[in-house]
Amino acid sequence: SSPTHFPKPVLPIMADAEFDEDVLDNLELVSAKINGGDAVEVRLTFLSNEALFTSVDDLDTPLLNIGLATATFEPYTEDGIQFGLNIVGEEGTAVVDCHSSDKYDFVKAHLESLRMERRNTNEDQMGMGGKEDDRVIPAVEKLAEEKKKVFLEMRHAVQAALPGNKCDDGDLLRMLVQKEFGLEASTSAFIDNENWRERIGAGHIKVREIAHIMRSGFLIPTKLKDKKGRGIVYGRPARWDKKSATAFELTKYACWLVEFMIHVRKADKVVLLINMDGASMSNVDARLPKIMMETLENRYPGRLSRVVFVNPPFMFRIVFPVVQRQLSSSAGFLSGRQKMLNLGKNSDLIRSFIDASNLPEELGGVTPVDAGDLLRDACEAEGRALCSFEALMAEHEQAVAEESSLLADSLREDSAADCMEGADYHGWMKKQGGIIRNWKKRLFIKRGKILYYYTDEKADKPQGSVMLDNSYCTMDDATRQKCGFLLVTPSRTWSYICDSDEAAKVWIQELAK
């Protein structure tokens, strides 16, 4: 039976409720289940630390209150719903229909932001927070005291250099291991990687952006595992047309692939299994080894466990030792000769570390590896309806055209006075620099989907601009204490400070429109 559609959510007036009222106006709750019971008609209210469901007949009586500190958010694409978000808590579950991919991303990102804030608040209330927070993950606890000290120094240095960045202890530790616990080298490399992630939009790359690469099936993040439980990325270089993508697009695909393996396939480590069947000097893209190794090994240290080549042509077997040495050196492999294996056509060697049930059909296994299956999984993970590669590519072309138009507008050089005429909103804020992390006061003017900033009202042209498409506002402990907020865009996270809490709330509301 088709789901019952209930009244739109009520937007509460809360000090730190950062949802866009226009977005919430287009949301409908399609079901709410309390501990597996029947769906009931409710209204949904998003608070700063909970999702509250109340009866439509009695708004004062809570039926379900999902605490965001322990909740999870998953895509829901059943019952004819294309962009559903399943909110799962200890108290029950609820499904919200977001109606579009952008709104799904927007709501999920804000829920996750509020969840993180609530977790931090809980920890602070338990006496576990503070600037000198030395709590660490179990893997760090097991380190020798000297190495643990280096880890803590690195974490404090990174937090100081990247305020607002939620550094993952596991990522910090992996970088330290790769750099052999050299504090300066590890810290510098980690900060460089985080800046690289911002530039490339890691974590925000859409399926439509990489659909033209994905459809070739030349490199697939599979569900398969080796005998140690490591995820398998299956490569078929002969399927790739080297004229199909730029080096930047290949880098973006490599980044998306690793993020997909970590967050969707739940693979902490990966094995790169390369089937060289049909590959030759004439059809192999010479850019691929460098791009893949740079991304998999340097940008995501500790994630790549092994690179295995099978069915190599005769010439490759001759040059393999040279390639092995070059990649081991340039990619920073800790033990290149152990990490890179050439198994030739020996199926027994392959099965020594991958069961037949986890081998692709082409290598004597039982599992087909198909780009269409990956597309289905990728669309589901993104919370969007399944569609063809061609439709995704057409959608991306349209998005690029719109972005080009926005970019042209963002490059306008109107004076501050002209820009303020007909502007949606304007006012003063302090902005933190992207390279030199100091704060400077600037006049900000919002026009449509672009935020311009000037030195003052008399400036002849803007100092810069921010495109607001696919952006959202959030807070961390540092910005909240300073009456500020973070503006998260696909390309960068911007830090702003206002004169008061009220001014910050107004800016958050205006930027969300």
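In this convention, every chain numbers its residues from 1, walking through the sequence in written order. Reporting of local features is limited, given that this is a predicted model, to residues whose pLDDT is at least 70; pairs of side-chain atoms are given and counted only at 80 or more, and all residues count toward the totals for whole chains, interfaces and linings. Side-chain figures throughout are based on the complete set of non-hydrogen atoms in the structure, without hydrogens or water.

Draft legend 1. Representation of the overall build of the chain. Labels follow the DSSP assignment, with helices taken as runs of H or I lasting at least four residues and strands as runs of E lasting at least two, numbered in each case from the N terminus. Scanning the chain from terminus to terminus reveals 17 helices and 19 strands. Throughout, exposure labels follow a simple rule: accessible area from a 1.4 Å probe, protein chains only, divided by the maximum for the residue type, with under 20% read as buried, over 50% as exposed, and the rest as partly exposed. Residues classed as buried in the chain amount to 48% of the 513 residues present. Sequence separation of at least 24 residues holds for 61% of the intrachain contacts in the chain that already meet a minimum separation of 6. Accessible area of the chain: about 24,700 Å², with a carbon and sulfur share of 50%. Contact definition: two residues touch when any of their heavy atoms are within 4.5 Å. Where accessible areas are quoted, they stem from the Shrake-Rupley method and a 1.4 Å probe; at the residue level, only the protein chains shown are allowed to cover.

Draft legend 2. Examining the environment of tyrosine 425 more closely. Looking at the element boundaries, tyrosine 425 is found in strand β13 (residues 425-432). The exposure class of tyrosine 425 is partly exposed, given its relative accessible area of 25%. Those residues within four positions of tyrosine 425 in sequence are excluded, and the remaining contacts are Phe444, Ile445, Lys446, Val506, Trp507 and Glu510.

Draft legend 3. Quick look at the pairing of strand β10 (residues 270-275). Of all six residues in β10, six are buried, a share of seventy percent or more. Burial along β10 is two-sided: the residues Val270, Leu272 and Ile274 and Val271, Leu273 and Asn275 are all buried. Strand pairing requires that DSSP identify at least two bridges connecting the strands. As judged from the five bridges shared by strand β9 (residues 231-235) and β10, these two strands associate in the parallel manner. Looking at β10, one finds that glycine 235 is bridged to isoleucine 274. The pairing of β10 with strand β11 (residues 304-310) spans six bridges and is classified as parallel. Across the sheet, the residue bridging to valine 270 is leucine 304, located in β11.

Draft legend 4. Here's a closer look at the packing of helix α5 (residues 169-178) against helix α6 (residues 183-200). Fitting a line to C-alpha atoms yields each axis, with helices limited to the stretch in contact; the angle taken between N-to-C directions then spans 0 to 180 degrees. Contact geometry of α5 with α6 gives a least axis separation of 9 Å together with a crossing angle of 130°. Classified by the interaxial angle, the pair formed by α5 and α6 is oblique. When you trace α5 past α6, the crossing you get is right-handed. Of α6, the residues touching α5 (which contributes Asp171, Leu172, Met175 and Leu176) are Ser186, Ala189, Phe190 and Asn193. Along the lines of polarity and charge, the residues of the contact of α5 with α6 split into five nonpolar, two polar and one charged. Each angle gets one of four labels, with under 35 degrees taken as roughly parallel, over 145 as roughly antiparallel, 65 to 115 as roughly perpendicular, and the rest as oblique. Crossings are classed by handedness, with left-handed meaning an anticlockwise turn of the near helix from the far one by less than a right angle and right-handed meaning a clockwise turn. Throughout this entry, Asp, Glu, Lys and Arg are counted as charged residues, while Ala, Val, Leu, Ile, Met, Phe, Trp, Tyr, Cys and Pro are counted as nonpolar. The remaining residues, Gly among them, count as polar.

Draft legend 5. A look at helix α7 (residues 207-214). A large share of α7 lies buried, amounting to eight of its eight residues. Three or more residues of α7 are buried, namely Val207, Arg208, Glu209, Ile210, Ala211, His212, Ile213 and Met214.

Draft legend 6. Representation of the side chain of glutamate 510 within the structure. Tracing the backbone through its elements, the reader meets glutamate 510 in helix α17 (residues 501-512). Dropping the residues within four chain positions of it, glutamate 510 is found in contact with Asp424, Tyr425 and Lys446.

Draft legend 7. Quick look at the confidence of the model for the chain. pLDDT expresses, on a scale from 0 to 100, how confident the predictor is about each individual residue. Confidence in the prediction of the chain, expressed as mean pLDDT, is 77, and 71% of residues score 70 or more. This stretch, residues 1-26, has a pLDDT under 50; its non-local contacts, to residues over four places away or in other chains, come to 64 contacts. A low-confidence stretch, residues 329-338 stays under pLDDT 50, and its non-local contacts, those more than four residues away or across chains, total 25 contacts.

Draft legend 8. Molecular detail of unusual backbone geometry. Look at glutamate 180: it is not a glycine, yet its phi comes out positive at around 55°. Positive phi, close to 60°, is recorded for lysine 266, a residue that is not glycine.

Draft legend 9. Here's a closer look at the environment of asparagine 311. By the element assignment, asparagine 311 lies in the loop between β11 and α10 (314-330). In this structure, the C-alpha to C-alpha distance between asparagine 311 and asparagine 275, residues 36 residues apart in sequence, is 6.0 Å. Counted as a polar contact is a pair of N or O atoms within 3.5 Å, where, for protein atoms, one must be capable of donating a hydrogen and the other of accepting one, and residues adjacent in sequence contribute only when both atoms are in side chains. Side chain to side chain, asparagine 311 and asparagine 275 meet in a polar contact 3.1 Å long.

Draft legend 10. Representation of the nonpolar core within the structure. In this text, buried Ala, Val, Leu, Ile, Met, Phe, Trp, Tyr and Cys residues form a nonpolar core when linked through side-chain atoms within 4.5 Å. Membership of the largest hydrophobic core comes to 60 residues, with the highest contact counts inside it found for Met214, Tyr253, Trp256, Leu272 and Leu273. The residues touching leucine 273, leaving out its near neighbours within four places in the chain, are Ile232, Val233, Tyr234, Gly235, Val308, Val310, Ile354, Leu359, Pro360 and Leu363.

Draft legend 11. Quick look at the pairing of strand β14 (residues 439-447). Across eight bridges, the pairing between β13 and β14 is antiparallel. Across the sheet, glycine 427 pairs through a bridge with phenylalanine 444, a residue of β14. One ladder, built from five bridges, connects β14 with strand β15 (residues 450-454); its direction is antiparallel. Opposite leucine 443, over in β15, you have tyrosine 454 as the bridge partner. Taken together, β14 and the strand that follows it, β15, pair antiparallel across an intervening segment of two residues, in which glycine 448 is found at a positive phi of about 60°.

Draft legend 12. Spatial organisation of the packing of aromatic side chains. Only the six-membered ring of Trp is used, alongside the rings of Phe and Tyr, when aromatic pairs are assigned; centres must lie within 6.5 Å, and planes under 30 degrees apart are stacked while those over 60 apart are edge-to-face, with the rest tilted. One pass over the structure, following the stated rule, counts eleven aromatic pairs. Cluster of aromatic residues (ring-pair linked, three or more members): Tyr425, Phe444, Tyr453, Phe485, Trp494, Tyr496 and Trp507. Above the plane of the ring of phenylalanine 181 lies lysine 147, whose end atom (NZ or CZ) is 4.8 Å from the centre. Note on criteria: charge over ring means Lys NZ or Arg CZ within 6 Å of the ring centre, with the direction from the centre no more than 35 degrees off the ring normal. A cation over an aromatic ring shows up here: arginine 306 above the ring of phenylalanine 353, its NZ or CZ 5.6 Å from the ring centre.

Draft legend 13. Spatial organisation of the environment of valine 258. If you trace the backbone, valine 258 turns up in helix α8 (residues 247-263). In this structure valine 258 comes out as buried when scored by relative accessible area, which is 5%. Note: C-alpha distance between valine 258 and aspartate 268 (ten residues apart in sequence) is 9.9 Å. Excluding residues that lie within four positions of it along the chain, valine 258 makes contacts with Leu296 and Tyr300.

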